[in-house]
Amino acid sequence: MTFTRILASMALAACSLPLCAQNAEPYPSTYQRLASKPLMITNATILTGTGDRLDDASLLMADGKIVAVSADSIRNTVDAEVLDAEGRWVTPGVIDVHSHLGVYASPGLAAHSDGNEMTAPVTAQVWAEHSIWPQDPGFSRALAGGVTSMQIMPGSANLVGGRTVTVKNVPAVSYQEMKFPGAPQGLKMACGENPKRFYGEQKITPSTRMGNVAGYRAQWVEAQKYIADWAAYETALAAGGETPVQPVRDLRLDTLAAVLQGEILVHMHCYRADEMMTVIDMSDEFDYQVSAFHHGVETYKIADELAERGICGALWADWWGFKAEAYDGIQEDIAIVDRPEGSCAIVHSDSSEGIQRLNQEAAKAMTRGNAAGMSITPARAITWVTANPAKSLGIIEQTGTLEAGKMADVVIWNGNPFSVYAKADQVFIDGALVFDRANLDLQPVSDFELGQLQGVQ
């Protein structure tokens, strides 16, 4: 099943089973966009995230949406304020597909360590959003780096770590106020060393890679039976006669069944190419889609297979060698994954510091690709931190590119965002100015930081 088909099935599939009602979101988004005035940005170099670069161009936004983007003059039909961005660059808001902000909050205390439920190899029943501390100072630091949305994930100790959540990077009291409206949930899974090491040290399964795969397969078999049991119950109920016995609800299996029904996207922590190919075979066996392999230092070895399958590679620019399964990394990884037609290369952080400079991480990957003769332009590289993350999260119809009708998630940079000197001057989320490097009043501070030294340079 291709990535496009899985998203279509998520949007169109109708389900009458009680199981579907159980998987309906009981902790709904209460996100409300901030009020904003119409704004016209002019004389900018605009990277649209669709592969285009527009010079001396304009962007018009109003009512939280992008109205128009053009290298030609745009009619100011909404009486918008005009911002002259001569010499500056404009891009879509940066999206980090792999973050632990809020669940591993700063400062790094045991009290803030809420990302890994290391009590069983499969903890599909836990949701990362239930650990998010909105007061994490890391959110505002990421905002200063142009990050407007991110996926918050559980950690990687378990075969199945739990559900992920996509949030908009806005100050909030509750995580519900940050939840990206309409974004599908993800499921964090992990290959390789982490689960086998953690549980092997406890002398329980899995302690090997074959134990890992056996553990995945056993959970999918359980989920298939769970779906079948609910379907049989629904059929018997509809037939009338003696009331059938309702299956027992299981929160863990609710999540796993939702994956098999195409409602939750799989994000898989996996380093080695051989393991990724095994996971792809397993997804065929149980008929689900892997949205992205995360970290994937060996994705360059299977770039064609990933593109053919519609699987994204969410990768680092140059992290490698810090453990055995990360030994075979190369700095051209992202550029090679990006080469095939239909590819989906992503630069991710997995770091409260790296998330502050994803533009520069993309610049490193672009530089290494160009040194290898791949001729990657800024217009292409910007998709690694905007459109492609949005695609992998199932939110590409709402954000990730600068196109009319999409959310006005926009960054104005002081120059080329792929320069080592690049800084985000202003950041807009749904058209509202939420960060301004020149205005301390528009540099959000969490309650945790009140009374401390404030402001970024």
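Just so it is clear, the model here is predicted, and its values are computed rather than measured.

### A look at the overall build of the protein
Within the protein, the secondary structure is distributed over twelve helices and 16 strands. A compact globule built from 457 residues would reach a C-alpha radius of gyration of about 23 Å, and the protein, at 22 Å, matches this within 12%. Looking at the protein as a whole, 56% of its 457 residues qualify as buried. Taking as baseline every contact in the protein between residues at least 6 positions apart, the subset at least 24 positions apart corresponds to 69%. A total accessible area of about 18900 Å² is found for the protein, and carbon and sulfur atoms account for 51% of it.

### A closer look at the side chain of His348
As for its placement among the helices and strands, His348 is situated in the loop between strand S13 (345–347) and helix H10 (358–371). The exposure class of His348 is buried, given its relative accessible area of 2%. If sequence neighbours within four positions are ignored, His348 has contacts with Asp96, Val97, His98, His294, His295, Ala314, Leu315, Trp316 and Leu358.

### Description of unusual backbone geometry
At the junction of Ser106 and Pro107, the peptide bond is cis and its omega measures out at -5° in the coordinates. Each neighbour pair has its own omega, and for Thr205 with Pro206 the value is 5°, a cis peptide bond. Examined against the element boundaries, Pro206 turns out to sit in the loop between helix H4 (193–200) and helix H5 (209–239). Its identity as a non-glycine residue notwithstanding, Asp63 has a phi of 55°, on the positive side. Along the polypeptide, Asp63 turns up in the loop between strand S2 (53–62) and strand S3 (65–70). Here Asp287, not a glycine, exhibits a phi torsion of approximately 60°, which is positive. Relative to the assigned elements, Asp287 resides in the loop between helix H7 (273–286) and strand S11 (290–295).

### Some thoughts on the nonpolar core
Counting residues in each nonpolar core, the largest one holds 49 residues, and the members touching the most others are Ile132, Met150, Ile152, Trp384 and Phe418. Of the residues forming this core, the biggest block, five residues, is contributed by H10. Ile152 has contacts with Ser99, Leu101, Val103, Ala128, Ile132, Phe139, Thr164, Val165 and Val167, leaving out every residue within four places of it along the chain. Counting residues in hydrophobic clusters, the runner-up holds 36 residues, among them Val160, Met189, Ile264 and Phe293.

### Topic: the pattern of salt bridges
Tallying each qualifying case throughout the model produces 23 salt bridges. For Arg88, the salt bridge is made with Asp425, and the minimal N-O distance between the two is 3.2 Å. One end of the pair, Arg88, is in the loop between strand S4 (81–84) and strand S5 (89–92); the other, Asp425, is in strand S15 (residues 424–429), and 337 residues separate them in sequence. On the basis of relative accessibility, which here comes to 17%, the residue Asp425 falls in the buried class. Between Arg272 and Glu275 there is a salt bridge whose closest N-O contact spans 3.9 Å. Residue Arg272 is classed as partly exposed on the basis of its relative accessible area, which comes to 24%.

### Looking at the sheet that holds strand S7 (residues 147–152)
The eight strands are arranged S6-S7-S8-S9-S10-S11-S12-S13 in an open sheet whose pairing can be described as mixed. Of all the strands in the sheet, the pair left with one neighbour each is strand S6 (94–99) and S13. Taken over all neighbouring pairs, the strand axes of this sheet differ in orientation by 25° on average, direction set aside. Relative to S13, strand S12 (residues 312–315) runs parallel, the two sharing three bridges. Looking at S13, one finds that Ala314 is bridged to Ile346.

### Quick word on the packing of aromatic side chains
The way to describe two aromatic rings as a pair is by their centre distance and the angle between their planes. Scanning the model with the defined rule gives eleven aromatic pairs in all. Ring geometry for Trp133 against Phe448: centres 5.4 Å apart, planes inclined by 80°, an arrangement best described as edge-to-face. Here the residue Trp133 occupies a position in the loop between S6 and helix H3 (138–144), and Phe448 occupies one in the segment after strand S16 (432–436), the gap between them amounting to 315 residues. With relative accessibility at 26%, the residue Trp133 sits in the partly exposed group. The class of Phe448 is partly exposed, set by a relative accessible area of 38%.

### Observations concerning the environment of Val122
Position of Val122 among the secondary structure elements: in the loop between S6 and H3. Here Val122 falls in the buried class, since its relative accessible area comes to 18%. In this structure, the C-alpha to C-alpha distance between Val122 and Gly215, residues 93 residues apart in sequence, is 8.2 Å. Discounting chain neighbours no more than four positions away, the residues touching Val122 are Leu159, Val160, Gln219 and Arg252.

### Topic: the side chain of Lys179
With respect to the helices and strands, Lys179 occurs in the loop between strand S8 (160–168) and strand S9 (186–190). Reaching out from Lys179, the side chain makes a polar contact with the side chain of Glu129 at a distance of 2.8 Å. Dropping the residues within four chain positions of it, Lys179 is found in contact with Glu25, Tyr27, Ser29, Tyr31, Glu129, Val165, Thr166 and Val167.

### Side note on the state of the cysteines
Within this structure, the stated rule accounts for two disulfides. Between the sulfur atoms of Cys191 and its disulfide partner Cys270 the distance amounts to 2.3 Å. Between Cys191 and Cys270 the sulfur-sulfur dihedral comes to about -90°; the bridge is accordingly left-handed. Of this pair, Cys191 sits in the loop between S9 and H4 while Cys270 sits in strand S10 (residues 265–270), and the two are 79 residues apart along the sequence. There is no split in this pair, since Cys191 and Cys270 are both buried. One disulfide in the model links Cys312 with Cys344; its S-S distance is 2.1 Å. Between Cys312 and Cys344 the sulfur-sulfur dihedral comes to about 80°; the bridge is accordingly right-handed. Taken together, the residues span a long stretch of sequence, with Cys312 in strand S12 and Cys344 in the loop between helix H9 (333–338) and S13 at a distance of 32 residues. By the burial criterion, Cys312 is buried, and Cys344 matches it.

Conventions and cut-offs
- Residues numbered from 1 in each chain as written.
- Predicted model: local features only at pLDDT ≥ 70, side-chain atom pairs only at ≥ 80, totals over all residues.
- Heavy atoms only, no water.
- Helix = DSSP H or I, 4+ residues; strand = E, 2+ residues; numbered from the N terminus.
- Rg over C-alpha atoms; globule rule 2.2 N^0.38 Å.
- Buried < 20%, exposed > 50% of the residue type's maximum accessible area, 1.4 Å probe, protein only.
- Contact = heavy atoms within 4.5 Å.
- Areas by Shrake-Rupley, 256 points an atom, 1.4 Å probe, with all protein chains shown as cover.
- Core = buried A, V, L, I, M, F, W, Y, C linked by side-chain atoms within 4.5 Å.
- Salt bridge = Lys/Arg side-chain N within 4 Å of Asp/Glu carboxyl O.
- Pairing = 2+ DSSP bridges.
- Axes fitted to C-alpha atoms, helices over the stretch in contact; angles between N-to-C directions.
- Phe/Tyr/Trp six-rings, centres within 6.5 Å; stacked < 30°, edge-to-face > 60°.
- Polar contact = N/O pair within 3.5 Å; in protein donor to acceptor, adjacent residues only side chain to side chain.
- Disulfide = S-S within 2.5 Å.

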